[in-house]
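Read off the chains here:
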Amino acid sequence: MDEKSKIQAEKHLTGTLVLSVFTAVLGFFQYGYSLGVINAPQKVIEAHYSRVLGIAPLDRHTTNASAEDSTVPSMQPWAGTKGTPAPVVDTGEDLTTSPHILTMYWSLSVSMFAIGGMISSFTVGWISDRLGRVKAMLVVNVLSITGNLLMGLAKFGPSHLLIITGRAVTGLYCGLSSGLVPMYVSEVSPTALRGALGTLHQLAIVTGILISQVLGLDFLLGNDELWPLLLSLSGVAALLQFFLLLLCPESPRYLYIKLGKVEEAKKNLKRLRGNCDPMKEIAEMEKEKQEAASEKKVSIRQLFTSSKYKQAVIVALMVQISQQFSGINAIFYYSTNIFERAGVDQPVYATIGVGVVNTVFTVISVFLVEKAGRRSLFLAGLMGMLLSAVAMTVGLVLLSQFAWMSYVSMVAIFLFVIFFEVGPGPIPWFIVAELFSQGPRPAAIAVAGFCNWACNFIVGMCFQYIADLCGPYVFVIFAALLLVFFLFAYFKVPETKGKSFEEIAAVFRRKKLMAKTMTELEDLRRSEEA
């Protein structure tokens with residue numbers, strides 16, 4: 001056996017494992033596609049809405065909305081950027097209300113996706129325990145197929161209502177999938193590959209975003225004839241995932257710990273690991289099962305009230321908040337406008353270039369995460385984004401005085417995206433599953449998922465107002481937030497690379513004991529001084 005084969009055997013990388021992980025992350029591909037697809041055909045869809053509703057169309061300067069967060073409705077760029085107000089078209093209609101109606105329907109078309117995700121994310125724990133990981137992913141695909149059908153048939157009915165409903169139903173699917181997929185992947189992955197396979201969630205998202213950006217070009221599908229097909233194409237991935245899931249084994253951890261099906265768990269473990277001896281993992285599962293049996297089932301309420309989980313819950317929530325509030329949405333939103341200022345003839349292609357960089361460095365992070373570790377990559381990514389945000393602010397503020405500052409802004413965009421994909425992008429998706437054992441894991445993933453979706457929605461609905469208020473200084477806010485996230489991660493986030501769930505729990509116990517000891521020493525010192 002050569003060296004490469006030895007490494008593969010040691011890490012238990014088998015065809016069944018590859019198939020299972022690939023099939024699962026198709027759910028995140030749909031998530032990424034749904035995030036990015038609504039932006040490119042915005043003008044075309046708004047024009048169609050105006051015809052269906054019989055109101056005057058909007059004529060406004062648009063940039064590419066967030067590729068990471070598609071809840072951002074179209075908005076004017078800040079004062080001082082290129083573009084002049086659109087002329088008012090005299091149609092004889094009441095234009096004081098028509099733009100409001102059209103904007104409302106467009107905003108709902110975009111934001112209902114995040115609302116659907118917020119609602120369904122709380123049910124992840126219940127459905128995953130009741131149906132099992134694979135069967136749950138099978139069942140929720142019905143939501144994706146239904147939502148995509150509604151959007152695909154938008155021209156044959158009230159398009160605004162069909163798209164809004166379709167986006168909401170697709171959001172319900174993605175909210176469930178964003179919890180079920182990391183749970184399943186973390187449970188079927190060997191410890192040595194858990195981080196690398198976990199980063200595939202983010203790779204699937206950015207691939208979905210990139211494909212939606214490319215297909216959304218007006219000479220492909222982003223035109224008046226084909227936009228319903230563009231919106232509904234992720235249904236193809238849903239159908240593919242549905243049939244491939246029939247070939248995937250159920251999570252051995254779920255079978256062994258939740259259902260007590262020992263032989264079936266061993267059988268599935270052998271399918272996933274090949275000829276490797278499963279007894280080491282079975283012994284780890286038995287230990288985890290005994291620990292889970294010694295405590296009652298953990299509800300969401302207990303997750304927050306029990307001191308046992310307090311530190312892990314705070315870390316889980318903060319990594320989700322740091323991903324969404326890092327400013328990646330702002331970078332994607334303003335990228336086209338900044339490229340225009342830099343004199344790029346076709347800024348939409350430059351923005352797609354950002355999407356390509358996004359994808360390439362997500363692939364690189366797959367190989368980095370098991371070598372450098374989660375914590376170090378997360379910290380490096382946050383610090384790199386912080387420095388890039390400062391450079392972005394300098395570039396935008398001085399843009400009117402020095403033309404070459406546009407290139408500073410362009411470089412800052414690419415660096416910001418690169419550092420995001422190194423750590424803050426992929427790591428939050430799988431680290432939550434690593435922080436909790438089998439008992440509290442479903443509840444923890446549900447809470448973390450809800451937090452991510454809620455932050456997603458908040459950024460989308462509030463960012464335009466903050467940008468209008470702060471102008472180019474909006475990135476100062478993100479720089480300050482990134483500094484806070486960096487300090488939190490430095491002091492609180494543990495390294496989970498290569499550690500079992502029990503070892504990670506022991507890290508939190510040591511941190512808690514150290515904090516308690518420090519508090520007691522401080523109280524003793526104060527009492528002696530008194």
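Predicted, not measured: the structure shown is a model, and the values here were computed from it.

1. Quick notes on the overall build of the chain
Per the secondary structure count, the chain includes 24 helices and zero strands. Looking at the chain as a whole, 56% of its 530 residues are labelled buried. Residue pairs in contact within the chain that sit at least 24 positions apart in sequence constitute 83% of those at least 6 positions apart. Here the chain has roughly 22,300 Å² of accessible surface; of this, 67% comes from carbon and sulfur atoms.

2. Here's the deal with the nonpolar core
Side chains that are nonpolar tend, in soluble globular proteins, to be buried together. Counting 98 residues, the largest nonpolar core has Y31, L180, L303, V432 and F436 as its most contacted members. Apart from residues lying up to four places away in sequence, V432 is in contact with A316, V319, Q320, A444, I445 and A448. In this structure, I55, L102, M151 and L221 belong to the second largest nonpolar core, which totals 21 residues.

3. Overview of the packing of aromatic side chains
In total, this model carries 11 aromatic pairs according to the counting rule given. For the ring pair Y490 and F491, a centre distance of 5.1 Å and an interplane angle of 90° mean the geometry is edge-to-face. The ring centre of Y490 lies 5.4 Å from the NZ or CZ of R375, which sits over that ring.

4. Examining the side chain of S234
For S234, the location among the structural elements is in helix 11 (residues 234–245). By relative accessible area, S234 is classed as buried at 2%. The residues touching S234, leaving out its near neighbours within four places in the chain, are Q30, Y33, S34 and N148.

5. Re the packing of helix 6 (residues 133–152) against helix 11
Orientation of helix 6 relative to helix 11, taken along the N-to-C sense of each, is 155°, at an axis distance of 9 Å. What the angle tells us is that helix 6 and helix 11 run roughly antiparallel. Crossing geometry of helix 6 relative to helix 11 is assigned as left-handed. Only S234, G235, A238, L239, Q241, F242 and L245 of helix 11 make contact with helix 6, whose side of the interface consists of V134, M137, L138, N141, S144, I145 and N148.

6. What about empty space enclosed by the protein?
Under the counting rule described, the total for this entry stands at four cavities of 30 Å³ or more. In this structure, the largest cavity occupies an estimated 90 Å³ of space. What lines the largest cavity is S178, P182, Q320, P428, W429, V432, A433, I445, A448, G449 and N452. The set of elements that each furnish at least two residues to the lining of the largest cavity consists of helix 7 (159–188), helix 21 (427–435) and helix 22 (441–470).

7. Structural notes on the pattern of salt bridges
What the rule picks out here adds up to five salt bridges. The salt bridge partner of D224 is R51, with a shortest N-O separation of 3.1 Å. Highlighted residues: D224 in the loop between helix 9 (200–215) and helix 10 (227–232) and R51 in helix 3 (residues 42–53), separated in sequence by 173 residues. Accessibility expressed as a relative area gives 31% for D224, which makes it partly exposed. Residues joined by salt bridges that share partners form a network here, namely D129, R133, E187 and K258.

8. Notes on helix 7
Between its first and last C-alpha, helix 7 extends 42 Å over 30 residues, near the 44 Å set by a 1.5 Å rise per residue. Along helix 7, 27 of the 30 residues are buried, which leaves the element largely enclosed by surrounding structure.

9. Some points on a nonpolar patch on the surface
There is a patch of nonpolar side chains on the surface, built from V214, F219, L220, V348 and Y349 and spanning about 420 Å² of accessible area. Its place among the elements puts V348 in helix 18 (residues 347–372).

10. Re helix 6
Its 20 residues place the ends of helix 6 29 Å apart at the C-alpha level, agreeing with the 28 Å of an ideal helix rising 1.5 Å per residue. Where helix 6 is concerned, the buried positions are R133, V134, A136, M137, L138, V140, N141, S144, G147, N148 and M151. The elements touched by buried residues of helix 6 are helix 2 (15–37), helix 5 (124–131), helix 7, helix 10, helix 11 and helix 12 (252–258).

11. Some words on the environment of G198
Inspection of the secondary structure puts G198 in helix 8 (residues 194–198). By relative accessible area, G198 is classed as buried at 1%. C-alpha of G198 to C-alpha of V366: the two residues are 168 residues apart in sequence and 8.1 Å apart in space.

12. Let's talk about the environment of S251
Within the fold, S251 resides in the loop between helix 11 and helix 12. Separated by 231 residues in sequence, S251 and S20 place their C-alpha atoms 9.9 Å apart. Among all residues touching S251, those that are not within four sequence positions of it are R133, Y184, E187 and V188. A polar contact of 2.7 Å, which involves the side chain of S251, links it to the side chain of E187.

13. Some points on the environment of F450
The topology assignment puts F450 in helix 22. Spatially, the C-alpha atom of F450 lies 8.0 Å from that of G175, the residues being 275 residues apart in sequence. Excluding anything up to four places from it in sequence, F450 contacts M118, S121 and F122.

14. Section: the side chain of T23
Considering the arrangement of structural elements, one finds T23 in helix 2. The class of T23 is buried, set by a relative accessible area of 0%.

15. A look at the state of the cysteines
Counted by the stated rule, this structure contains zero disulfides. C455 provides the cysteine sulfur closest to C451, a residue in no disulfide bond, and the two sulfurs are 4.2 Å apart. On the basis of relative accessible area, C451 is assigned to the buried category, the value being 13%.

16. What about the confidence of the model for the chain?
Taken residue by residue, the chain gives an average pLDDT of 78. The fraction at 70 or more is 79%. In the model of the chain, helix 1 (residues 3–11) stands out as the element of lowest mean pLDDT, 46, in contrast to helix 11, which has the highest, 94. In this model, residues 1–10 is a region of pLDDT below 50 whose contacts with residues beyond four sequence positions or in other chains number three contacts. Low pLDDT, under 50, characterises residues 60–96; the predicted model gives this stretch 114 contacts beyond four residues in sequence or across chains.

17. A look at the packing of helix 2 against helix 9
Where helix 2 contacts helix 9, the axes come no closer than 7 Å and their chain directions differ by 45°. In terms of orientation, helix 2 and helix 9 fall into the oblique class. Seen along the crossing, helix 2 lies across helix 9 with a hand that is right-handed. Where helix 2 abuts helix 9, its residues V21, V25, F28, F29, Y31, G32, Y33, L35, G36 and V37 lie against L200, H201, A204, I205, T207, G208, I209, I211, S212 and L215. For the contact of helix 2 with helix 9, the class distribution of residues is 14 nonpolar, six polar and no charged.

Reading the values: the criteria
- Residues numbered from 1 in each chain as written.
- Predicted model: local features only at pLDDT ≥ 70, side-chain atom pairs only at ≥ 80, totals over all residues.
- Heavy atoms only, no water.
- Helix = DSSP H or I, 4+ residues; strand = E, 2+ residues; numbered from the N terminus.
- Buried < 20%, exposed > 50% of the residue type's maximum accessible area, 1.4 Å probe, protein only.
- Contact = heavy atoms within 4.5 Å.
- Areas by Shrake-Rupley, 256 points an atom, 1.4 Å probe, with all protein chains shown as cover.
- Core = buried A, V, L, I, M, F, W, Y, C linked by side-chain atoms within 4.5 Å.
- Phe/Tyr/Trp six-rings, centres within 6.5 Å; stacked < 30°, edge-to-face > 60°.
- Lys NZ or Arg CZ within 6 Å of the ring centre and 35° of its normal.
- Axes fitted to C-alpha atoms, helices over the stretch in contact; angles between N-to-C directions.
- Parallel < 35°, antiparallel > 145°, perpendicular 65-115°, else oblique.
- Left-handed = near helix turned anticlockwise from the far one by under 90°.
- 1 Å grid on protein atoms, 1.4 Å probe; cavity = no way out; pocket = protein on both sides within 12 Å on 5 of 7 lines; lining within 4 Å.
- Points joined across faces, edges and corners; volume = space filled by probe spheres on them.
- Salt bridge = Lys/Arg side-chain N within 4 Å of Asp/Glu carboxyl O.
- Expected span 1.5 Å × (residues − 1).
- Patch = residues over 30% accessible without salt bridge, like charges linked within 9 Å, V, L, I, M, F, W, Y side chains within 5 Å.
- Polar contact = N/O pair within 3.5 Å; in protein donor to acceptor, adjacent residues only side chain to side chain.
- Disulfide = S-S within 2.5 Å.
- pLDDT = per-residue confidence, 0-100.
- Nonpolar A, V, L, I, M, F, W, Y, C, P; charged D, E, K, R; others polar.

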